[in-house]
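Structural description and commentary
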Amino acid sequence: MALGATTYKTPNIINKIGQDLTSREGCGVYLTAANTVDLASTTSVLPYGIIVTGTDSLTPGTYSSAIGDASLELVDQLGCVVQVLASSQFAIAAGDVILIDSTDADGTFTNGSDQPAAEGDWIWGYALTDAGASEQFLMRFQPAVVQYVPAP
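Residues numbered from 1 in each chain as written. Predicted model: local features only at pLDDT ≥ 70, side-chain atom pairs only at ≥ 80, totals over all residues. Heavy atoms only, no water.

The subject of this paragraph is the sheet that holds strand β3 (residues 28-33). Strand order across the open sheet formed by six strands is β6-β2-β4-β3-β5-β7, with mixed pairing between neighbours. Each edge of the open sheet carries a strand with a single partner, namely β6 (65-66) and β7 (73-75). The pairing of β3 with strand β5 (residues 49-53) spans two bridges and is antiparallel. Residue Val 29 lies in a different strand from β5, and its bridge partner there is Gly 49. (Pairing = 2+ DSSP bridges. Helix = DSSP H or I, 4+ residues; strand = E, 2+ residues; numbered from the N terminus.)

Dropping the structure here:
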């Protein structure tokens, strides 16, 4: 669920999905091919957006496959505040750097303290509220790639 005055849903030509996205609201997606999105499962995939309204394909069980017109809604504008889902593994605190949880590998998010980022990983944004494991929280969608991690 996108919130606030900066809420923006880009009219796009996403017309295929890589798996069933029903009930995956608040999860991150990435482009797998032209016009095709799938749930982000690792920190190394390039962020595309956050699911606001999920859907299944016109041929359930067969992927990647076509979706119906306007049945999938994503927030993909940089700087938008969006409600996202914390992973089942870790809690989130306001101000945390947010990444895809590679342990759950289901498009949910974790913080950079419990799953430290490596060079080449993508930060999806910053937490604006606290949340427990598997709870929803607000995040500013502001992807950035980790370019340098100092040696311990």
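Scored by pLDDT, the protein chain has a mean of 90; 91% of the residues are at 70 or more. Contacts for the low-pLDDT stretch residues 3-7, under 50 throughout, to residues beyond four places or in other chains number nine contacts. (pLDDT = per-residue confidence, 0-100. Contact = heavy atoms within 4.5 Å.)

Here we take up the state of the cysteines. Within this structure, the stated rule accounts for zero disulfides. Cys 80 provides the cysteine sulfur closest to Cys 27, a residue in no disulfide bond, and the two sulfurs are 17 Å apart. (Disulfide = S-S within 2.5 Å.)

Turning to the pairing of strand β9 (residues 97-100), a few remarks are in order. As defined by bridge partners, β9 adjoins strand β11 (residues 122-127) across two bridges and the pair is classed as antiparallel. Counted as the bridge partner of Val 97 is Tyr 126 from β11. As paired elements, β9 and strand β10 (residues 109-111) share three bridges and run antiparallel to each other. Pairing of Ile 100 across the sheet is with Phe 109, part of β10.

Here we come to the nonpolar core. One finds Ile 50, Phe 109, Trp 124, Phe 137 and Met 139 to be the most contacted residues of the largest nonpolar core, which totals 20 residues. Where this core is concerned, the elements lending two or more residues are β5, β8 (81-85), β9, β11 and β12 (136-145). Residues in contact with Met 139, not counting those within four places in the same chain, are Ile 50, Cys 80, Val 81, Val 82, Val 84, Ile 98, Phe 109, Trp 124, Gly 125, Tyr 126, Ala 127 and Leu 128. Formed by 13 residues, the second largest nonpolar core is a distinct cluster that contains Val 29, Leu 39, Leu 74 and Leu 85. (Core = buried A, V, L, I, M, F, W, Y, C linked by side-chain atoms within 4.5 Å. Buried < 20%, exposed > 50% of the residue type's maximum accessible area, 1.4 Å probe, protein only.)

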